[in-house]
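These are the residues of each chain, in order.
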Amino acid sequence: MHFKIAWRILVRQKLFSVINILGLAIGMAACLLIFQYISFELSYDNFHKNGANIYRIKHQNYSQGNLIENLPKTYSAVGPALKAEFPEVREMTRVSKTEGMVTARQPNGSLIVFNESSLYQADASFLRMFSFSMLNGSAAALDNSNAVVITERMAKKYFPNQDAIGRIINVQEQTSGTNITATVTGVCNVPANSHLQFDFLLSADTKTGDWVYPDYYTYILLSPQTNPKIFEAKLASFLKTKINAVSKSNSYSNTQGKTNLTNISLTLQPLRNIHLYSNLSNEISAGGNGNMIWYLGIIAVLILLIAYINYINLSTAKVIERAKEVGIRKVLGSQRLQLIRQFLFESALLNFISVAFAIFIVLLAMPWFSSLCGVQITFTLWRNAFFLLVFAGLVAACIVLSAIYPALILSNYKPVQVLKGKCINSGQSISLRKALVVLQFAATIAFIIGTLVVYRQVNYMRSENKGMDMKQTLVVVAPQNIRATDADNRNYMVKDSVFQNEILRNSHVQSVTSSSSIPGQIIGYILSYTSHAQTAGEKSLRLSTFEIGRKFIDQFKIRIIAGHNFSTDSWAKKNPAMMLNEAAVTSLGFKNPEDAIGKLVETKNARGKVFQNEVIGVIKNFHQTSLKDDFTPIIFRLSDPGSITHYELKVNSNEMPKTIAQIEQTYKGIFSESAFQYFFLDDFFDQQYKAEQHFGRVFSLFSGFAIFVASLGLFGLTLITITQRIKEIGIRKVLGASITNILVLISKDLIGLIVIANVIALPLAYWGSYKWLENYKFRIHFNAWYFIIPMITVFLIAVLTMSYQSIKAALANPVKSLKTE
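Below: a short report on this structure.

What counts, and at which threshold
- Along each chain, residue indices are assigned from 1 in the same order as the chain's sequence is written.
- pLDDT decides what is reported in this predicted model: residues at 70 or higher carry local features, side-chain atom pairs at 80 or more are listed and counted, and totals for whole chains, interfaces and linings draw on all residues regardless.
- Think of the side-chain values as coming from all heavy atoms in the structure, minus any hydrogens and water.
- Burial here depends on accessible area, computed with a 1.4 Å probe over protein chains only, as a share of the maximum for the residue type. Under 20% is buried, over 50% is exposed, and the range in between is partly exposed.
- Helix and strand assignments come from DSSP, with helices taken as H or I runs of at least 4 residues and strands as E runs of at least 2, each series counted from the N terminus.
- A pair of strands is considered paired only if DSSP assigns at least 2 bridges between the two.
- How far a helix is expected to stretch is found by multiplying one less than its residue total by 1.5 Å.
- Across the chain, bend at a residue is computed as the angle between axes fitted to the seven residues ending at that point and the seven starting from it.
- For Phe, Tyr and Trp, rings pair up if their centres lie within 6.5 Å, where Trp contributes its six-membered ring, and each pair is then called stacked (planes under 30 degrees apart), edge-to-face (over 60) or tilted (otherwise).
- Over a ring means this: the NZ of a Lys or the CZ of an Arg is within 6 Å of the ring centre and within 35 degrees of the ring normal.
- Nitrogen and oxygen atoms within 3.5 Å of one another constitute a polar contact, given that in protein one can donate a hydrogen and the other can accept it, and given that sequence-neighbouring residues count only through two side-chain atoms.
- Note on contacts: a residue pair qualifies if any of its non-hydrogen atoms lie within 4.5 Å across the two residues.

1. Section: the pairing of strand β17 (residues 577-581)
Burial of β17 is extensive: five of the five residues sit out of reach of the surface. Burial of β17 is two-sided: the residues Ala577, Met579 and Asn581 facing one way and the residues Met578 and Leu580 facing the other way are all buried. Across five bridges, the pairing between β17 and strand β19 (residues 610-619) is parallel. Within β19, the residue paired with Met579 across the bridge is Gly617. Inspection of the sheet shows β17 paired to strand β20 (residues 634-638) by two bridges, in the antiparallel sense. Residue pairing in the sheet places Leu580 in a bridge with Ile635 of β20.

2. As for helix α24 (residues 785-811)
Taking 1.5 Å as the rise per residue, α24 with 27 residues should run 39 Å; its terminal C-alpha atoms sit 37 Å apart, in good agreement. Ser803 marks the point of greatest bend in α24, at about 35°.

3. Things to note about the packing of aromatic side chains
Scanning the model with the defined rule gives 39 aromatic pairs in all. Seen from their ring centres, Phe702 and Phe705 are 5.5 Å apart, and the 70° between their planes marks the pair as edge-to-face. With Phe702 and Phe705 both in helix α21 (residues 690-724) and three residues apart, this pair spans about one turn of that helix. On the accessibility criterion, Phe702 (0% relative accessible area) is buried. The ring centre of Phe114 lies 4.2 Å from the NZ or CZ of Lys157, which sits over that ring.

4. Focus on the side chain of His59
Examined against the element boundaries, His59 turns out to sit in strand β1 (residues 54-63). His59 gets classed as buried once you look at its relative accessible area, which sits at 1%. Engagement of the side chain of His59 in a polar contact is seen with the side chain of Thr74, the distance being 3.1 Å. Non-local contacts of His59, meaning those with residues more than four positions away in its chain, are made with Glu69, Asn70, Leu71, Lys73, Thr74, Tyr75, Pro214, Ile264, Ser265 and Leu266.

5. Focus: the environment of Asn621
Topologically, Asn621 is positioned in the loop between β19 and β20. Look at Asn621 and you get buried, because its relative accessible area is 16%. Sequence-wise, Asn621 and Glu582 are 39 residues apart; in three dimensions their C-alpha atoms are separated by 5.5 Å. Filtering out sequence-adjacent residues up to four positions away, Asn621 remains in contact with Gly467, Asn581, Glu582, Ala583 and Phe631. In this structure the side chain of Asn621 is engaged in a polar contact, spanning 3.0 Å, whose partner is the backbone nitrogen of Ala583.

Quick look at the structure:
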């Protein structure tokens, strides 16, 4: 019986049923999509069986009490030493990341060659410690030397239609030039929600390690009974003991020189916190942003809240149209509890239809939403019992809240009052609707302000002057598989000169240079430097080392603010020349750029050999990486053949495909055994802002949903207001009221509520935007227009939403509304 009545009412009030179902379905769908994304981000590394007890060793380096390095990597000797000395450490593994040329010979003798950037070298314990699914092979796949485990995608890429197990691949490392021949011993699957994203997992040298450079990502597995805080407190004394031991050894003194390990501290980082809460330099993979996740969570809740505010508003506003129905029911003997049950059943039916429609929208939109977010996710929330319980509880609570108020109000009136029409619009009901409208539009205004701020910040980071000219720069990856020995390097030097000269013969190539890294890439080559600045005394620290060709600075139009550029005799000097950026000048303790010119800086290479370098120039800071980070202190040196990883070509062509084809032909004619790979530098640099771009798109999308749902509610309220005041409007028209008078009459109250909503939303939106912008070192400054535009936008949306029905009512013939009087 209740269902039959509820369905009839739903069908009879078609327009309001559509508004309510559409508003609730969109609100629920938006909420489900956002929570699915949040669930995915929070699931990172949860699939590891022992994930709760796995920690990564963080490495902090201090100078004069100030933190100058905060790294996710540490010395290669730390892991084995911890396992040997602490029974709490059940297992440890070390990982290093590299890039290089991978070659696989096919049964017909042909070669498949590609440059790969996701190459890991790891201890044999890696696959036992982490729970990566092995599709072929076992967790012991790395126990033998010269073994490699590859992903299923790489198995299909290098060994199409073949069994990859037992096949041989050759890896030419990019940085060291080391040639590795390895046998495939396993094929594994790397889930998208793992911060360790590799394509090739090579068995590493099982040596104990050293205390020279912090170049290894080190993970330890603690026993379940171990308190990580107590264990972490032991690391200080452990490090002190090791420092005393290694300081006395000849190997340490030969390699470390004056490096002061007493400035080092080690801390623990939980595995499951790495993806969202690790803002460290030289991360093993791009991470997420925990703050963004919570912002999206707030958005989801607010959208759902706006949808239910609409529903509650329309339900309470429609109370008067049900008054006589309730009066007749009470006269016929209906009890208050029966009336409340009827209203609850109607609300439940409408909500269940909305939930079904919302799930349909989610399933339909999930592939598109996955692309928008930049991650491959599927709808899996239905498997999460906790989420289902919370969501069901939330819907049930909303059903009760949206139905109980009108039910209690109407069921409380006496039948005589109801049938005489004396229960029209109680002050309490009107006050509730006004409060909900204010809350709804305050949230909408905050959304628009947030969208504008996110858009402006992302646009600022992409368009702001980077301190260099990257336009029309084509980057060609330098060959790595022909430089295994010193003789190869000498041969490459000749080919390098030939290649650059041949490229310049192309009329569409303005200039060409080379380098060991490129803008937009974290510089992996880090060396120890010691300066003897008068103001700061001796300072020793590790700095990023950027090896460049002589034309690099001129080609990228980087400004020299002191000294001069590299010349042809820079390598021939007794003390090889180096250049610093402004950040490096400050880090090394020089008073100003001019003070650094002519000074000698000690450099230790990977073998511990000490060189004296003369500072010949200082360049203005430029953004080597994202504008999220501060300027990186960088040492610039002339490149040698073994360090070149990229060629940068300044091209000027309206026929880019043809120009690239010509460059490829030249490249293959000189480096015949190497794969030709290229990309445009500005596109590569902008990839750093993918997370912000995805966040901005998601934020904008759901802000649009919030505005649409709020507009639906405003449209419904306007329609109800006009219906309830139709006779008043008719009388006013008879007495000479104009269309403008009628429009003002209907809209003035709602416009006043929107003004109040602005007063509430502006300070909250300012605070939220300010907190979000704190994540960025370089950020926009607040402008009054960021707040004026949303205010005007919401005002116009409200006016346009109300105008149609208001003008329609004002143009209606008053005779039709007054003929029953």
